[in-house]
Amino acid sequence: MSLLRFIRNMRLGIKLNIVMILAFSLLLVAIVFVVSDSMQDLTFRTGRQRVEQEVVVFQTRFAAAEQSIMEDAKLLASVPGLSAAGATQNLDTVRNSVLVNAALFNFDQVTLVGAGGRRLFDLKAGEFTTEADSAEDALLSFALFGSEIVDLIVEEEGGWDISLAAVVPLYNQSGNIVGALLAGRDFDNEFLAEINLSRED
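**Q** Quick one: what's the story with the pairing of strand β4 (residues 149-155), residue by residue and with numbers?
**A** Note: β4 against strand β5 (residues 161-171), seven bridges, orientation antiparallel. From the neighbouring strand, Val-154 faces β5, where its bridge partner is Ile-162. Linking β4 to β5, which pair antiparallel, is a turn of five residues; within it Gly-158 sits at a positive phi near 65°.

Written out as structure tokens, the structure is:
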């Protein structure tokens with residue numbers, strides 16, 4: 001009761017000042033709440049817009065990388081003697097040429113098959129092997145029918161190995177398909193740096 005009596009005995013000017021301070025305090029709390037809510041919404045929208053921009057950048061640069069790997073695979077397929085090697089299955093004359101050109105185009109893998117789909121050689125990590133791979137064979141079978149395809153190859157043996165590969169048919173001078181070529185790049189940090197995904201902006 002003494003508080004009510006104290007307030008009643010206060011002068012009118014002081015009472016008005018207290019009421020104004022309380023009103024301004026409530027107004028300040030409301031403003032802080034609205035600004036905080038708006039900032040959260042702005043942060044969310046900005047973050048979402050940034051993610052959408054990054055997706056567009058990734059799609060654009062990845063499409064350019066796909067086009068580049070296809071063009072390089074076509075150039076590699078035009079190496080003199082490669083289509084003849086596919087037809088005659090005599091690889092001695094072209095192994096060194098393929099090895100040098102694969103390094104020139106930064107290919108981590110090059111696979112050559114003959115017209116029947118028989119694997120003639122497989123260059124991986126600078127070494128020739130004869131390992132079969134079902135994902136690669138599936139892509140190469142499309143090239144044997146005249147298709148040119150770029151696709152991701154995913155292998156799960158002992159960890160994830162991802163590569164971007166292009167397959168192109170090999171033609172003889174008569175225009176007949178005599179084999180197919182697969183050329184691929186490992187999807188690693190070096191490849192990501194090339195398409196500038198690891199930039200710091």
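Structure's up, so let's keep going.
**Q** Give me the lowdown on unusual backbone geometry, citing residues and values where you can.
**A** The phi dihedral of Asn-106 is positive, around 60°, even though this residue is not glycine. Position of Asn-106 relative to the elements: it lies in the loop between α4 (95-104) and β1 (109-114). Take Asn-106: its relative accessible area is 38%, and that puts it in the partly exposed class.

**Q** How would you sum up the pattern of salt bridges? Please name residues and give values.
**A** Per the counting criterion, the structure on display carries seven salt bridges. Residue Lys-74 pairs with Glu-148 through a salt bridge whose shortest N-O separation is 3.1 Å. Of this pair, Lys-74 sits in helix α2 (residues 12-77) while Glu-148 is found in the loop between α5 (134-144) and β4, placing the two residues 74 residues apart along the sequence. For Glu-148, a relative accessible area of 43% gives the class partly exposed. With its nearest N and O atoms 3.9 Å apart, the salt bridge here joins Asp-108 to Arg-185.

**Q** Please set out the packing of aromatic side chains residue by residue, giving values where relevant.
**A** Aromatic ring pairs are described here by two measures, namely the spacing of the ring centres and the angle between the planes. Counted by the stated rule, this structure contains three aromatic pairs. Here the aromatic rings of Phe-105 and Phe-107 are separated by 6.0 Å at their centres, their planes lie at 50°, and the arrangement is tilted. Residue classification places Phe-105 among the buried residues on the basis of a relative accessible area of 17%. Three or more aromatic residues joined by ring pairs form one cluster here, namely Phe-58, Phe-62 and Phe-187.

Calculation rules
- Residues numbered from 1 in each chain as written.
- Predicted model: local features only at pLDDT ≥ 70, side-chain atom pairs only at ≥ 80, totals over all residues.
- Heavy atoms only, no water.
- Pairing = 2+ DSSP bridges.
- Helix = DSSP H or I, 4+ residues; strand = E, 2+ residues; numbered from the N terminus.
- Buried < 20%, exposed > 50% of the residue type's maximum accessible area, 1.4 Å probe, protein only.
- Salt bridge = Lys/Arg side-chain N within 4 Å of Asp/Glu carboxyl O.
- Phe/Tyr/Trp six-rings, centres within 6.5 Å; stacked < 30°, edge-to-face > 60°.

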